[in-house]
Amino acid sequence: MLTCIIQYQIDPTKKAQFETYARNWGQAIPRNGAELIGYYTPHEGSSTLAYGIYNIPSLAAYETYRTQLADDPLGQENYAFAQREKFILREDRTFLRLASAPHGCG
């Protein structure tokens, strides 16, 4: 299992638009093959960093997921919304593999 962490640099004056974007992905991501952990907006500290986090079985599954997401009507609307509103200034993806499993065991 891989965890994709998307770090966004957002326009802090357009946080509400990013939150709409996040809610839309909350619907589209799970139905296209990824396990959404969540989208996170700034609360304390930086006012420009936001994150999207989801799990995907493999990089091959990620490629299939991205194709399906690009064909999803809500996914297409959300991409267009982000382009139109310009609330995302930068977006970086990192894929991580859990190294501490099993954790929490006595």
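I will try to describe carefully the structure that is included in this document. None of these values were measured; they are calculated from a predicted model.

Attention now goes to helix H1 (residues 15-31). Residues spaced three or four apart along an α-helix face the same direction, because each turn holds 3.6 residues. A rise of 1.5 Å per residue sets the reference length of H1, with its 17 residues, at 24 Å; its end C-alpha atoms lie 25 Å apart and thus fit the reference within 8%. The axis of H1 is deflected most strongly, by about 30°, at Trp 25. Restricting attention to buried positions, one finds in H1 the residues Phe 18, Tyr 21, Ala 22, Asn 24, Trp 25, Ala 28 and Ile 29. If you follow the buried residues of H1, they end up packed against strand E1 (2-10), strand E2 (35-40), strand E3 (49-56), helix H2 (59-71), helix H3 (73-85) and strand E4 (88-96). One or two steps after H1, the chain reaches Gly 33, where phi turns positive at roughly 115°.

Right, let's get into the pattern of salt bridges. According to the stated counting rule, one finds 4 salt bridges in the structure shown. Between Glu 85 and Arg 84 there is a salt bridge, with its nearest N and O atoms 3.9 Å apart. Across the pair Asp 92 and Arg 90 runs a salt bridge, and its minimum N-O distance is 2.8 Å. Taking relative accessible area as the criterion, Asp 92 reaches 30% and is therefore assigned partly exposed. Using a relative accessible area of 48% as the deciding quantity, one classes Arg 90 as partly exposed.

Calculation criteria
- Residues numbered from 1 in each chain as written.
- Predicted model: local features only at pLDDT ≥ 70, side-chain atom pairs only at ≥ 80, totals over all residues.
- Heavy atoms only, no water.
- Helix = DSSP H or I, 4+ residues; strand = E, 2+ residues; numbered from the N terminus.
- Expected span 1.5 Å × (residues − 1).
- Bend = angle between axes of the 7 residues up to and from the residue.
- Buried < 20%, exposed > 50% of the residue type's maximum accessible area, 1.4 Å probe, protein only.
- Contact = heavy atoms within 4.5 Å.
- Salt bridge = Lys/Arg side-chain N within 4 Å of Asp/Glu carboxyl O.

Spatial relationships are all this shows, so hold off on functional conclusions.
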